[in-house]
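Now for the letters of each chain:
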Amino acid sequence: MTGYLLLPQLFTATEVGRLRDAAEQVHAEVVSAAESGETDVTVWSDGHRLEEIRGTTIHWEPDAPGKAVRSLAPVSHLHPVLAGLWSESRLTSPMASLIGSAVGPFVSKLNFKRAGVGSEFAWHQDFPYWYCCAGDAAYDIATAIVMLDDNTVENGAMTLIPGSHRDGPAPRDPLEPTGLFVDPRRVDADLAVTVTAPAGSVLMFPGLMVHRSAPNRTATDRRSLLYCFQPAGRPELSALTYDAERLADLP
Ligand SMILES: O=C(O)CCC(=O)C(=O)O
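The following refers to the structure shown. Just so it is clear, the model here is predicted, and its values are computed rather than measured. (Residues numbered from 1 in each chain as written. Predicted model: local features only at pLDDT ≥ 70, side-chain atom pairs only at ≥ 80, totals over all residues. Heavy atoms only, no water.)

The sheet contact formed by strand β2 (residues 40-43) and strand β3 (residues 49-53) spans four bridges and is antiparallel. Across the sheet, residue Thr42 finds its bridge partner in β3, namely Leu50. Connecting β2 to the next strand, β3, in antiparallel fashion are five residues, including Gly47 with a positive phi near 95°. (Pairing = 2+ DSSP bridges. Helix = DSSP H or I, 4+ residues; strand = E, 2+ residues; numbered from the N terminus.)

Near the ligand, the surroundings consist of Lys109, Asn111, Lys113, Phe121, His124, Asp126, Met158, His211, Ser213, Arg222 and Leu226. Between the ligand and Arg222, the relevant distance is 2.9 Å, taken from an oxygen atom to a side-chain nitrogen or oxygen of the residue. When the ligand sits alone it has 290 Å² of accessible area, and the protein chains cover 95% of it. For the shell around the ligand, a count of residues per class yields three nonpolar, four polar and four charged. (Near = heavy atom within 4 Å. Polar contact = N/O pair within 3.5 Å; in protein donor to acceptor, adjacent residues only side chain to side chain. Areas by Shrake-Rupley, 256 points an atom, 1.4 Å probe, with all protein chains shown as cover. Nonpolar A, V, L, I, M, F, W, Y, C, P; charged D, E, K, R; others polar.)

Our next topic: the sheet that holds strand β12 (residues 211-213). Strand order across the open sheet formed by four strands is β7-β12-β9-β10, with antiparallel pairing between neighbours. The strands lining the two open edges of the sheet, one partner per strand, are β7 (121-124) and β10 (193-194). Note: β7 against β12, two bridges, orientation antiparallel. Counted as the bridge partner of His124 is His211 from β12.

Attention now goes to helix α1 (residues 13-36). If you check α1, its first and last C-alpha atoms are 35 Å apart, about what 24 residues at 1.5 Å a residue would give, namely 34 Å. Within the span of α1, buried status applies to Val16, Leu19, Ala22, Ala23, Val26, His27, Val30, Val31, Ala33 and Ala34. (Expected span 1.5 Å × (residues − 1). Buried < 20%, exposed > 50% of the residue type's maximum accessible area, 1.4 Å probe, protein only.)

Across the sheet, which stays open at both edges, the nine strands sit in the order β1-β11-β8-β13-β6-β5-β4-β3-β2 with antiparallel pairing between neighbours. Of all strands in the sheet, those bounded by a partner on one side alone are β1 (5-7) and β2. Within this sheet the neighbouring strands show an average axis-to-axis angle of 20°, counted without direction. Summarising the sheet, strand β6 (residues 103-111) and strand β13 (residues 224-231) pair through eight bridges and their orientation is antiparallel. Each residue of the ladder has a partner; that of Asn111, found in β13, is Ser224. Against the sheet, α1 touches β3, β4 (56-60), β5 (69-73), β6, β8 (142-147) and β13, its axis set at about 95° to β5. (Axes fitted to C-alpha atoms, helices over the stretch in contact; angles between N-to-C directions. Contact = heavy atoms within 4.5 Å.)

Right, dumping it as C-alpha cells:
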C-alpha cells in the first residue's frame, strides 16, 4: 500500500477560481492587518519568522528578497468559501475511508510557494509537530492538499516516499534545530515519487508519510490549501498546546 491517494481534477476550473480568489483575498487582508496592527512575533530556532494576527499565523519566506508569505495557518475561519471545504463530501468521504471513521477538522493551512521565491520544504513527516500538540491522537490525522495551480516538477510538486507511513515515526535529523525534520541521510530518495497533477487535483496522505517539496523557481505561483482531518469530535489544533518535550518519545 502506497498510503497516498491522488484524485485528479476533483474540483472544476470554476471552483478552483473561487478558491484562488478566496485565498488571495485572505492573503491581502492578513498582510495588510499585519502591516497596520500589533502582531505576536515568534522566531524559530532555524531563523524562520512567524507573526500571529486575526487568529492565523503568517510564516514568512525565510530568504525572499522583500516580504513574501510562505503559509497561513489556520486559515479556513477567514473566508466562508474556505470554511465550506470542511463539509465538502468529495474531501470528507475519501478522508473517512483513509482515517477509518467519520471525520472533523484538525487544522487548515494555505501554502503559497510564490513564483521565484517559494522555498523548499525539507524531508519531514507532519506527525512530530502534531504529536507535540495532540499526543497519540496524532496517529489518526491525515492531510488533503487541494492544488490551486498545476503542480509540476519545476514549481515544486510534492515528493513523497510511498509506503513510508507504515514504518511509523521516522528518525529525525539530529543536526536540525527544531527537531521536527526527518534525517535526510536515512531517506532512500531512490524510492521517491513526485506527484504532478493539474489544478483542482487533491492529494491525500497520513501524517506519517515522509515527504518534501522543492523550491518554486518558475515564473508562476504554486498555491495549495491543506486540510488536515481527524476522527470527528476531537479538539482542533488551535485548542492544543505545543509541548516540545514530547519529541523525546520519538526516534
Ligand atoms: O506545499 C508543499 O509543498 C509542502 C507542504 C508541506 O509539506 C507542509 O506544509 O507540511
